[in-house]
Amino acid sequence: MQNEPVEVTLKVTNVFEKLSVPYLIGGSLASTLYGMIRTTQDSDIVAEMHIEHLQPFVSALQDEFYVDDEMIAESIQHNSSFNIIHRETMFKVDVFIPRPRPYLQSQLARAKKQTFNFETEISAKFASPEDTILSKLEWYRMGGEVSDRQWRDILGVLKTQQGQLDLAYLRKWAGELKVSDLLERALKEIA
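Bear in mind the structure is a predicted one, so any value in this text is a computation, not a measurement.

What follows is about the overall build of the protein chain. A tally of helices and strands in the protein chain yields 9 helices and 7 strands. For 191 residues, the compact-globule estimate of 2.2 N^0.38 gives 16 Å, and the protein chain sits close to it at 16 Å. Counting only C-alpha atoms and orienting by the principal axes, one finds that the protein chain spans roughly 50 × 35 × 30 Å. Taking as baseline every contact in the protein chain between residues at least 6 positions apart, the subset at least 24 positions apart corresponds to 64%. Within the structure as shown, the protein chain displays about 9,800 Å² of accessible surface, and the carbon and sulfur contribution to it stands at 48%. Computing the positive centroid from 21 side-chain charges and the negative centroid from 28, the protein chain places the two 7 Å apart.

Positive phi, close to 50 degrees, is recorded for Asn 79, a residue that is not glycine. Residue Asn 79 is classed as partly exposed on the basis of its relative accessible area, which comes to 36%. Its identity is not glycine, yet Glu 145 carries a phi of approximately 60 degrees, on the positive side. Relative to the assigned elements, Glu 145 resides in the loop between helix H6 (129-142) and helix H7 (148-160).

On to H7. With 13 residues, H7 extends 18 Å between its outermost C-alpha atoms, agreeing within 8% with the 18 Å of an ideal straight helix rising 1.5 Å per residue. For H7, the set of buried residues is Gln 150, Trp 151, Asp 153, Ile 154, Leu 155, Gly 156, Val 157 and Leu 158. At its buried positions, H7 is contacted by helix H2 (27-34), H6 and helix H9 (180-190).

Val 12, Phe 16, Met 49, Phe 57, Val 93 and Ile 133 are the most contacted members of the largest nonpolar core, which has 54 residues in total. If you look at the next biggest cluster of nonpolar residues, it comprises 6 residues, including Leu 24, Val 46, Leu 104 and Leu 108.

The next subject is a negative patch on the surface. Residues Asp 68, Asp 69, Glu 70 and Glu 74 make up a contiguous surface patch of negative charge. Assignment of secondary structure puts Asp 69 in helix H4 (residues 69-78). For Asp 69, a relative accessible area of 33% gives the class partly exposed.

Moving on, we come to H9. Buried within H9 are the following residues: Leu 182, Leu 183, Ala 186, Leu 187 and Ile 190. Relative to the axis of H9, the buried residues are bounded by an arc of 135 degrees and lie together on one face.

Another aspect to go through is the pattern of salt bridges. Using the criterion set out here, one finds 12 salt bridges in the structure. A salt bridge links Glu 145 to Arg 141, with the shortest nitrogen-to-oxygen separation between them at 2.7 Å. One salt bridge connects Glu 189 with Arg 185, and the closest N-O pair in it is separated by 3.8 Å. With a gap of 4 residues between them, Glu 189 and Arg 185 both fall in helix H9, about one helical turn apart.

Take the packing of helix H3 (residues 54-61) against H4 next. Two elements in contact, H3 and H4, have axes whose closest approach is 11 Å; the angle formed by their N-to-C orientations is 140 degrees. Judged by the twist between their axes, the crossing of H3 over H4 is right-handed. Note on element contacts: H4 touches H3 through Asp 69, Ile 72, Ala 73 and Ile 76, opposite Leu 54, Gln 55, Phe 57 and Val 58. The residue makeup of the contact of H3 with H4, split by class, is 6 nonpolar, 1 polar and 1 charged.

This brings us to the packing of helix H1 (residues 3-18) against H3. Contact geometry for H1 and H3: axes closest at 10 Å, N-to-C directions at 140 degrees. The two elements H1 and H3 cross, and the hand of that crossing is right-handed. In contact with Lys 11, Val 12, Val 15 and Phe 16 of H1, H3 contributes Phe 57, Ala 60 and Leu 61. Within the contact of H1 with H3, the residues separate by chemical class into 6 nonpolar, no polar and 1 charged.

Conventions adopted
- Residues numbered from 1 in each chain as written.
- Predicted model: local features only at pLDDT ≥ 70, side-chain atom pairs only at ≥ 80, totals over all residues.
- Heavy atoms only, no water.
- Helix = DSSP H or I, 4+ residues; strand = E, 2+ residues; numbered from the N terminus.
- Rg over C-alpha atoms; globule rule 2.2 N^0.38 Å.
- Contact = heavy atoms within 4.5 Å.
- Areas by Shrake-Rupley, 256 points an atom, 1.4 Å probe, with all protein chains shown as cover.
- Lys, Arg positive; Asp, Glu negative; His and termini not counted.
- Charge placed at Lys NZ, Arg CZ, Asp CG, Glu CD.
- Buried < 20%, exposed > 50% of the residue type's maximum accessible area, 1.4 Å probe, protein only.
- Expected span 1.5 Å × (residues − 1).
- Core = buried A, V, L, I, M, F, W, Y, C linked by side-chain atoms within 4.5 Å.
- Patch = residues over 30% accessible without salt bridge, like charges linked within 9 Å, V, L, I, M, F, W, Y side chains within 5 Å.
- Salt bridge = Lys/Arg side-chain N within 4 Å of Asp/Glu carboxyl O.
- Arc of directions from axis to C-beta.
- Axes fitted to C-alpha atoms, helices over the stretch in contact; angles between N-to-C directions.
- Left-handed = near helix turned anticlockwise from the far one by under 90°.
- Nonpolar A, V, L, I, M, F, W, Y, C, P; charged D, E, K, R; others polar.

Below, the structure is given as C-alpha cells:
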C-alpha cells in the first residue's frame, strides 16, 4: 500500500481518536488493504462528528491541511460530506458524516484496527472486508452501475478474501441495502 495516502489519512484519524469520534476508513484505501492494490487520489473516512467536535478538529489540523470550518459545520448539520487537503502533498481526505441508520452501527462495530510502521507505529480503524464490499456495492448502484473501478474493487476484495468472508452477513446487509442482485453477480464472477 502506498505510504503517502495512508500517512496523511492517519493524521486525520488520529484527531478523531483523540476526540473520541467513532470513525472508519473505507473506500479505496480499505479495498486496497483487503483486495487489489491501486492508486488513489483521495481517502474516505466515515465519522460520527457532531458540532462540538468542529473547533477542536479544525484547530488540530489547520496547520497541515486546508480546512473550511463553515463547510464542515454544514456537513455535520446535513449529514453530508466535506473534504480537507493536506498542504504538503495536496492529498485529499473526504469525510462522510452519515445519517444514523442500523447499517452504520454495524459497520462501526465491525471496523478492524490495522497497524502501520512509519517513523513510529500507528493504528487506525478500517471498514471490515465485508463492509468494504457492501459500501462499494452501494456506491456502484448509486453511480448508475457504470464505474469499472468500483466493480474491480468489489471483485478484488471478494477474490482476495475468498473463504474468509462472512457470507451470511454479506447477504443479510446486501438485502437491507437493496444490492443483493449485485452481490450475487459479483460472487458468480469470481467463482
